[in-house]
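Residue-level structure breakdown
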Amino acid sequence: ALTLCLLIGLAVAAPRHNHKERKESKESKESKESKESKESKESSESDHITITKDFFPDEFAVYTADHDIVNILVPINSFNFEDDDEDNDTNDDDGITLFFVEADIDKAGNRIDKGLYVLKDGKAKKLLDNGRDAAASSDDSKDVFFAAKDGIYVYNKNDSTAIKYGSVTDSVIGIAKENSTDLIYILTENYDLYKITESGNKKEKVNEVVGAREIVLDGANNLYYYGDDLKPFVFNGGVVKEIKGLPEHPKTVRLLKPPFFIDDSVPFITDNDIYFINANGTSEKTDFDFKSNAKPTAFSMEATLLQYYGYNKKIYEYNVLAMILTEVIDELKEFLETKSDAIRSLSTQSRSRVRTSK
């Protein structure tokens, strides 16, 4: 049985990381290859992998909850990853702190709040009874913000508590923090989007975005959302674009926070398929999908080489670099070997170097 769940993050990270190089290489050889050999090569490069419940072995579980894990955040700013750590610290999970939200899901798909927690060294502490989401930038700041029923909170690392941030009193269901600015986006229970600035004391409604159900920012501060009809959009500079090329009439969708080095796209799950949706309004289907009984309830692939997923009321941890450097199961050995250069390249890049190189 397969026992590795690096796939989700690696599927949407490593293949895109060297996509341009592969394309140029194929084009340079095109005149020398027959149609048959090209088709064979393209087929081997796009092997399809379906994620099953066997990708969640008990030995990878780092926490067991009483309720569903519905959100996970691993802050990739200087809270967890100091900017001078050239290996991005993802080959060593000592000291990693993550935040997660528990909830019960009723028959209509609505969440019933069960608390926002901090998890470090295998120990969990509840920070907010009514916490719903968490956000942090990917810059050099050390702040982590929380969305709650009574407004916005910020994490106090000194005593591991959540303290009120600013003057917002709205019931907030989603939150996202821009890079290199003080701007925070919040999504309220009434599905209104607001910009929050001036240390949480100025609130400005974003009228262009109507009826958003979930929000996510990419590395270039493009904001993605979907509405009641489950169609995704991207918002930036006062302009809203509909994302094209996706299946029509999905039953479920989910926006995911992207790996740290991707500026202009975010992963998007529509039913059981994984796509990338892009800031220019296009979309790309990946070669990965889920069995219906193996779809995580929460995702955290921001750090890329150290990933966390919620499944069956547990949090699972996957250290990708450790996996590529040690023995792996036969079914995935070939896949990992083809992506090893991209994985090792990512492991030597700091957040600051990746940002400034673009």
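Anyway, here's the lowdown on the structure attached to this text. (Residues numbered from 1 in each chain as written. Predicted model: local features only at pLDDT ≥ 70, side-chain atom pairs only at ≥ 80, totals over all residues. Heavy atoms only, no water.)

1. Description of the overall build of the chain
Quick reminder of the rule: A helix here means a DSSP run of H or I that spans at least four residues, while a strand means a run of E at least two residues long, and both kinds are numbered starting from the N terminus. The contact definition used throughout considers only heavy atoms, calling two residues in contact when any of these lie within 4.5 Å.
The helix and strand inventory of the chain stands at 7 helices and 25 strands. Put simply, of all contacts in the chain between residues at least 6 apart along the chain, 55% involve residues at least 24 apart.

2. Quick look at the pairing of strand E20 (residues 265-270)
Every regular strand shows the same layout, with side chains that alternate between the two sheet faces. Let me state the cut-off plainly: Per-residue accessibility, obtained with a 1.4 Å probe over protein chains only, is compared with the maximum for each type, and a residue is labelled buried under 20%, exposed over 50%, and partly exposed between these values. Here, a strand pair is defined by DSSP locating no fewer than two bridges between the strands.
Judged by how many residues are buried, E20 sits mostly within the fold: 6 of 6 residues are covered. Burial of the side chains of E20 extends over both faces: Ser-265, Pro-267 and Ile-269 are buried on one face and Val-266, Phe-268 and Thr-270 on the other. In the sheet, E20 pairs with strand E21 (residues 273-278) via 6 bridges, with the strands oriented antiparallel. Each bridged residue has a counterpart across the sheet, and for Phe-268 the counterpart in E21 is Tyr-275. Linkage of E20 to E21, two consecutive antiparallel strands, is achieved through a turn of 2 residues, within which Asp-271 is found at a positive phi near 55 degrees.

3. A closer look at the nonpolar core
General note: in soluble globular proteins, nonpolar side chains tend to be found buried as a group. The following threshold applies: Put simply, buried Ala, Val, Leu, Ile, Met, Phe, Trp, Tyr and Cys residues joined by side-chain atoms within 4.5 Å make one nonpolar core.
In terms of nonpolar packing, the biggest core is built from 21 residues, with Ile-69, Ile-72, Leu-98, Phe-100, Tyr-308 and Ile-315 touching the most fellow members. The set of elements that each furnish at least two residues to this core consists of strand E3 (68-73), strand E4 (97-105), strand E5 (111-120) and strand E24 (306-311). Ignoring any residue separated from it by four or fewer positions in sequence, one finds Ile-69 in contact with Phe-100, Val-101, Glu-102, Thr-297, Ala-298, Gly-310, Lys-313, Lys-314 and Ile-315. Residues Ala-103, Leu-127, Ala-134 and Tyr-155 belong to the second largest nonpolar core, which totals 18 residues.

4. Observations regarding the sheet that holds E4
To keep things clear, this is the line we draw: Helix axes use the C-alpha atoms of the stretch in contact, all axes being lines fitted to C-alpha atoms, and the angles between their N-to-C directions lie in the range 0 to 180 degrees.
Ordered by their spatial adjacency, 4 strands build an open sheet running E3-E4-E5-E6, and the pairing between neighbours is antiparallel. Taken across any chain shown, the strands that pair with only one partner, and hence form the sheet edges, are E3 and strand E6 (123-128). On average, adjacent strands in this sheet sit at an angle of 35 degrees to one another, irrespective of strand direction. Where E3 and E4 come together, 5 bridges link them in antiparallel fashion. Bridged to Asn-71 within E4 is Val-101.

5. Quick word on the environment of Lys-114
Among the structural elements, Lys-114 can be located in strand E5. For Lys-114, a relative accessible area of 28% translates into the label partly exposed. Separated by 11 residues in sequence, Lys-114 and Ala-103 place their C-alpha atoms 4.7 Å apart. If near-sequence neighbours (up to four positions away) are discounted, Lys-114 is found in contact with His-67, Glu-102, Ala-103, Asp-104, Lys-126 and Asp-129.

6. Remarks on the packing of aromatic side chains
Heads up, the rule is: When two rings of Phe, Tyr or Trp (its six-membered ring) have centres within 6.5 Å they constitute a pair, described as stacked for plane angles under 30 degrees, edge-to-face for angles over 60, and tilted for the intermediate range. Ring-over charges, as used throughout, are those where CZ of Arg or NZ of Lys falls within 6 Å of the ring centre and within 35 degrees of the ring normal.
Under the defined criterion, the tally for this structure stands at 17 aromatic pairs. Summarising the aromatic geometry, the rings of Phe-290 and Phe-299 are spaced 6.3 Å apart at their centres and angled 70 degrees between planes, so their arrangement reads as edge-to-face. Comparing Phe-290 with Phe-299, the two get one shared label, buried. Each member of the aromatic cluster is reached from another via a ring pair, and the members are Phe-56, Phe-60, Phe-290, Phe-299, Tyr-309, Tyr-311, Tyr-316 and Tyr-318. Between Lys-164 and the ring centre of Tyr-153, over which it is positioned, the NZ or CZ distance is 5.7 Å. One residue, Lys-203, lies across the ring of Tyr-194, its end atom 4.7 Å from the ring centre.

7. Quick notes on the sheet that holds strand E2 (residues 61-64)
Strand order in this open sheet of 4 strands is E2-E25-E24-E23, and the pairing throughout is antiparallel. Edge positions in the sheet fall to E2 and strand E23 (298-300), since each has one partner strand and no second. Shown here is a sheet whose adjacent strand axes are inclined to one another by a mean of 15 degrees, direction ignored. Here E2 pairs with strand E25 (residues 314-319) via 3 bridges, running antiparallel. Of the residues in E25, the one forming a bridge with Tyr-63 is Ile-315.

8. Remarks on the pairing of E25
Of all 6 residues in E25, 5 are buried, a share of seventy percent or more. In this structure, E24 lies alongside E25, joined through 6 bridges in antiparallel fashion. What sits directly across from Gln-307, in E25, is Tyr-318. The turn linking E24 back onto E25 is made up of 2 residues, and Asn-312 within it adopts a positive phi angle of 50 degrees.

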